[in-house]
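What follows is the residue order along each chain.
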Amino acid sequence: MLFGKSIMAQIKKPEIRSAILESAQRLFASQGYNSTTLAQIARDAGVSSANVYVYFRSKLAVLYAIYDPWMRARLVLLEHELAGMRDPAVRLRRLLEALWRDIPAEENGFVNNIMQAISGAGPEARYQPALLRWMEQRIGAMLLAALPAQRRRQLAAADLAHWLVMALDGYAIHHHLNPRAAVSDATLRVVTAMILGAPVARRAVAGRGKK
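Residues numbered from 1 in each chain as written. Predicted model: local features only at pLDDT ≥ 70, side-chain atom pairs only at ≥ 80, totals over all residues. Heavy atoms only, no water.

**Side note on helix α3 (residues 38–45)**
Phase 1 of the analysis: When α3 is considered as a whole, its buried residues turn out to be L38, I41, A42 and A45. One face of α3 carries all of its buried residues, which in axial projection span an arc of 95 degrees.
Phase 2 of the analysis: Each element contacted by the buried residues of α3 is listed here: α2 (14–31), α4 (49–55) and α5 (59–83). (Buried < 20%, exposed > 50% of the residue type's maximum accessible area, 1.4 Å probe, protein only. Helix = DSSP H or I, 4+ residues; strand = E, 2+ residues; numbered from the N terminus. Arc of directions from axis to C-beta. Contact = heavy atoms within 4.5 Å.)

**Here's the deal with the pattern of salt bridges**
Phase 1 of the analysis: Evaluation of the coordinates by the stated rule reveals 10 salt bridges.
Phase 2 of the analysis: Residue R94 pairs with E97 through a salt bridge whose shortest N-O separation is 3.0 Å. One end of the pair, R94, and the other, E97, are both in helix α6 (residues 88–109), 3 residues apart, so they sit about a helical turn from each other.
Phase 3 of the analysis: Looking at E97, the relative accessible area reads 12%, which means it is buried.
Phase 4 of the analysis: Salt bridges sharing partners connect three or more residues here, namely E81, R93, R94, E97, R101, D102 and D185. (Salt bridge = Lys/Arg side-chain N within 4 Å of Asp/Glu carboxyl O.)

**Brief notes about the packing of aromatic side chains**
Phase 1 of the analysis: Under the definition given, this model contains 7 aromatic pairs.
Phase 2 of the analysis: Here the aromatic rings of F28 and Y33 are separated by 5.5 Å at their centres, their planes lie at 35 degrees, and the arrangement is tilted. For the pair formed by F28 and Y33, the shared burial category is buried.
Phase 3 of the analysis: For the pair Y64 and Y67, a centre-to-centre distance of 6.1 Å together with 85 degrees between the ring planes defines the contact as edge-to-face. (Phe/Tyr/Trp six-rings, centres within 6.5 Å; stacked < 30°, edge-to-face > 60°.)

**Side note on the packing of α2 against α3**
Phase 1 of the analysis: In the contact formed by α2 and α3, the axes pass within 8 Å of each other and the chain directions differ by 125 degrees. Taken together, the axes of α2 and α3 lie oblique to each other. In this structure, the crossing between α2 and α3 has a hand that is right-handed. Where α2 abuts α3, its residues A19, I20, S23, A24, R26, L27, F28 and Q31 lie against Q40, I41, D44 and A45.
Phase 2 of the analysis: In terms of residue class, the contact of α2 with α3 is built from 7 nonpolar, 3 polar and 2 charged. (Axes fitted to C-alpha atoms, helices over the stretch in contact; angles between N-to-C directions. Parallel < 35°, antiparallel > 145°, perpendicular 65-115°, else oblique. Left-handed = near helix turned anticlockwise from the far one by under 90°. Nonpolar A, V, L, I, M, F, W, Y, C, P; charged D, E, K, R; others polar.)

**Some remarks on the packing of α6 against helix α10 (residues 160–177)**
Phase 1 of the analysis: At a closest axis distance of 9 Å, the pairing of α6 and α10 adopts a crossing angle of 40 degrees. As far as their axial angle goes, α10 and α6 are oblique. Where α6 crosses over α10, the two elements pack in a sense that is right-handed. In this structure, α6 uses L95, L96, L99, W100, I103, P104, A105 and G109 to contact α10, whose residues at the interface are W163, L164, A167, L168, Y171, A172 and H175.
Phase 2 of the analysis: Counted by class, the contact of α6 with α10 contains 13 nonpolar, 2 polar and no charged residues.

What follows is the structure, encoded as structure tokens:
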């Protein structure tokens, strides 16, 4: 009888898991990762703090359960958008704009929560870089697909995707600190030209404002 009760106690209910994630997403968006506790998430979801640990081993695990599918879906959407663009400069600039301007500002600056989480994560959080590796692989494929064949061969061995992701992280923090300041059009033009190996237009150097 006791064995049967133990088995029943381990059964996880999808609706409770969903309630925890919905609660966490609201709180992370409104007050940030660092200011949100598991006790707050549990209270908002209408469950006990102990019950949260039945579904997630840590607050970081809760965040990744929200962030991982969101980021994967967002990059797949971007990939589909870029596939319809034929001009390498237009395609590459749109990739940079999405990574450095759009995504850092989306969902109330949600990406910044990951920066908060990872920077304060200890060994007990058991951070796994699987999503980061997937992001770099997907972004690297989008980057190379945007380049002319000769330039693609020249840059194939360079770890440009890692650089783009690190810059994404930086712009996410920048947006959190100053939401009105985004990466400038001049920066997007200059970096696009650099990656393409093309001359940098004078207006790209002179201008730093947005559209």
